[in-house]
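As a plain string of letters, each chain reads:
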Amino acid sequence: MTEPFALAAFLARWGASIRHDLAASESETTPLAELLAMADAEDAERWARLEFGYAHPRGAPWLRETIAKRYHGLEPADILCCAGAQEAATCIARALLGPEDHAVVVLPIYQPSEQAITARAPTAGVALEERGGEWILDLDRVAAALRPNTRLILTNFPNSPTGAQLDRAAFDALIALCRARGIWLVNDEVYRQTDRVADERLPPVADLYERGISIDGLSKGFGLPGLRVGWAACRDRDLLTRALLAKNELSSCLAAASEVLAQIALKAEAPIVRRNRAIGRRNDERLQDVLRRLPDLFEPAPSRNLAFACPRYVGPGSASAFAVSLARGAGILVLPLGVWHSPLAALPADRVRISLGQLRSGPGLDALALHLCEARRPELVA
Ligand SMILES: Cc1ncc(COP(=O)(O)O)c(C=O)c1O
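Residues numbered from 1 in each chain as written. Predicted model: local features only at pLDDT ≥ 70, side-chain atom pairs only at ≥ 80, totals over all residues. Heavy atoms only, no water.

*Asks:* Where do I start with the pattern of salt bridges in this structure?
*Replies:* Two side chains bearing opposite charge may form a pair once their charged atoms approach each other closely. All told, the structure shown has 27 salt bridges when counted by the stated rule. For Arg293, the salt bridge identified is with Asp289, shortest N-O distance 3.3 Å. Placement of both Arg293 and Asp289 in helix α12 (residues 269-293) is noted, with a separation of four residues, approximately one turn of the helix. Residue class for Arg293 comes out partly exposed when judged on its relative accessible area of 46%. (Salt bridge = Lys/Arg side-chain N within 4 Å of Asp/Glu carboxyl O. Helix = DSSP H or I, 4+ residues; strand = E, 2+ residues; numbered from the N terminus. Buried < 20%, exposed > 50% of the residue type's maximum accessible area, 1.4 Å probe, protein only.)

Here it is as structure tokens:
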């Protein structure tokens, strides 16, 4: 039986009563009027003439053309648009896996993505390890987890909640491991635009590997999760056709309005992402200040992503109890890493994920600092 979605359950339990949401991982959103003001003449015309018949099952050709340009040598036929990155990951899992197959998932990972895999095939989990302040993927452990029938490895780099990113050599080595055995490498790349050091950004896996599948979308760095626009990009058109069959059971097609708004946002990526990264940097400075002032509660460490930080909690009690007491006592929502737990591997639970990506994260961080500096510490943990 599928385990309950722990992150959603935590949000459902505490979300309604909070005053400061520091749990989100999406960047600042853009209101409709601002987005429309960024439209070029072609897309303004598309918006004005929008009709609400069924949209193209794979995504509008012009939208897929814009998406395909994000990859080297891909064409619209190499893109399958889905209702969010999560649906894209699910469709790919359904297209690739059957009960006779085996899969490997690198953890922690968004729980519905993990479950899209575990629902289809026996799965091994390989946990990222923290060594000397860096998150490492031990490739020997990945290799040891493989079986002759391993068909797919699922990763999420840049990673949530840890912010971990592979360097190019490690990514190449992972691809080489997959290539040697014909294993598909599915990388959830939704946090690409919020990585800390854009100069070190990895190319999408679909650019590097003929069996690489890039999962991406507008939910995180673009700050547009409500559009529900994601996609899978890869060089195998038969696979995308099989993924489309899976999608037929789910959402059929994107919302026609979302297609046009996504097209506008993709063309306006530079200003949207520049603004969102600047918000993340400002909030990270605030967070670093909070961490410095509270060394008995948090281990100071640089944030690895501009949408969220993942500091280690070293105060009294567990990180989960701390997060609950913060929600209950101060109306501030952060996510304890326990909500990423997995039956596949033991994962660190001594951290919290804290939003950095939104304008409201700033006042939230100020409220966090005020509460933690002024509150009597023994009362913090229930
Ligand atoms: C790693 C990861 N992948 C996918 C998703 C879901 O993305 P979408 O809303 O585009 O389906 C999330 C949401 O938090 C996520 O963290």
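*Asks:* Please explain the sheet that holds strand β14 (residues 352-355) as it appears in this structure.
*Replies:* Backbone hydrogen bonds hold the strands of a sheet together, and the pairing may be parallel or antiparallel. With respect to topology, three strands assemble into an open sheet ordered β11-β14-β13, the strand pairing being antiparallel. A single partner strand is all that each edge strand has here, and the edge strands are β11 (308-309) and β13 (335-336). (Pairing = 2+ DSSP bridges.)

*Asks:* Sorry, what's going on with unusual backbone geometry here?
*Replies:* Glycine aside, a negative phi is what most residues show, and trans is what most peptide bonds show. Between Leu107 and the following residue, Pro108, the backbone shows a cis peptide bond with an omega angle of 0°. Turning to its location among the elements, Pro108 is positioned in the loop between β3 (102-107) and α6 (111-118). Positive phi, normally seen in glycine, also occurs at Arg228, with a value near 55°. Along the polypeptide, Arg228 turns up in the loop between β9 (212-217) and β10 (230-233). The backbone phi angle of Ser252 is positive, close to 65°, even though this residue is not glycine. Secondary-structure assignment places Ser252 in the loop between α10 (237-248) and α11 (256-267).

*Asks:* I tried to follow the domain arrangement of the protein on my own but got confused; where do I start?
*Replies:* The accessible area lost on association of the parts is a frequent measure of interface size. Domain annotation of the protein identifies domain 1 (6-31 + 270-379) and domain 2 (39-267). On a C-alpha basis, the centres of domain 1 and domain 2 stand 26 Å from each other. In this complex, domain 1 contributes 34 residues to the contact, which on the side of domain 2 involves 39 residues. Buried surface at the junction of domain 1 and domain 2, both sides included, amounts to about 2800 Å², of which 52% is carbon and sulfur. Our count for the contact surface shared by domain 1 and domain 2 stands at four salt bridges. Across the pair Arg312 and Glu130 runs a salt bridge, and its minimum N-O distance is 2.4 Å. Summed over the shared surface of domain 1 and domain 2, the number is 20 residue pairs in polar contact (both at pLDDT 80 or more). Every element with two or more residues in the side of domain 1 that touches domain 2 is listed here: α1 (6-14) and α12. (Domains from an automatic or database assignment. Contact = heavy atoms within 4.5 Å. Buried area = accessible area lost by both parts, 1.4 Å probe. Polar contact = N/O pair within 3.5 Å; in protein donor to acceptor, adjacent residues only side chain to side chain.)

*Asks:* Would you mind going over the site of the ligand with me for this structure?
*Replies:* For the ligand, the full set of nearby residues is Ser25, Gly84, Ala85, Gln86, Tyr110, Asn156, Asp188, Val190, Tyr191, Ser219, Lys220 and Arg228. Contacts to the ligand include Ala85, whose backbone N or O atom sits 2.8 Å from an oxygen atom. A distance of 2.9 Å separates an oxygen atom of the ligand from a polar side-chain atom of Arg228. Summarising the interface, the protein chains cover 91% of the accessible area of the ligand, which totals 400 Å² for the free molecule. When grouped by side-chain class, the residues that make up the shell around the ligand number four nonpolar, five polar and three charged. (Near = heavy atom within 4 Å. Areas by Shrake-Rupley, 256 points an atom, 1.4 Å probe, with all protein chains shown as cover. Nonpolar A, V, L, I, M, F, W, Y, C, P; charged D, E, K, R; others polar.)

*Asks:* I keep staring at the environment of Ala330 and nothing clicks. Help me out?
*Replies:* Inspection of the secondary structure puts Ala330 in helix α13 (residues 319-330). According to the relative accessible area criterion, Ala330 is buried, its value standing at 7%. Sequence-wise, Ala330 and Asp284 are 46 residues apart; in three dimensions their C-alpha atoms are separated by 21 Å. Each residue touching Ala330, except ones within four places of it in the same chain, is listed here: Arg19, Ser325 and His371.

*Asks:* Explain the state of the cysteines here, please?
*Replies:* What we call a disulfide is simply a covalent bond connecting the sulfur atoms of a pair of cysteines. Taken as a whole, this structure holds zero disulfides when the rule is applied. Unpaired in terms of disulfides, Cys178 finds its nearest cysteine sulfur in Cys234, a separation of 14 Å. The thiol sulfur of Cys234 is not disulfide-bonded, and the nearest other cysteine sulfur, from Cys82, lies at 11 Å. What makes Cys234 buried here is its relative accessible area of 0%. (Disulfide = S-S within 2.5 Å.)

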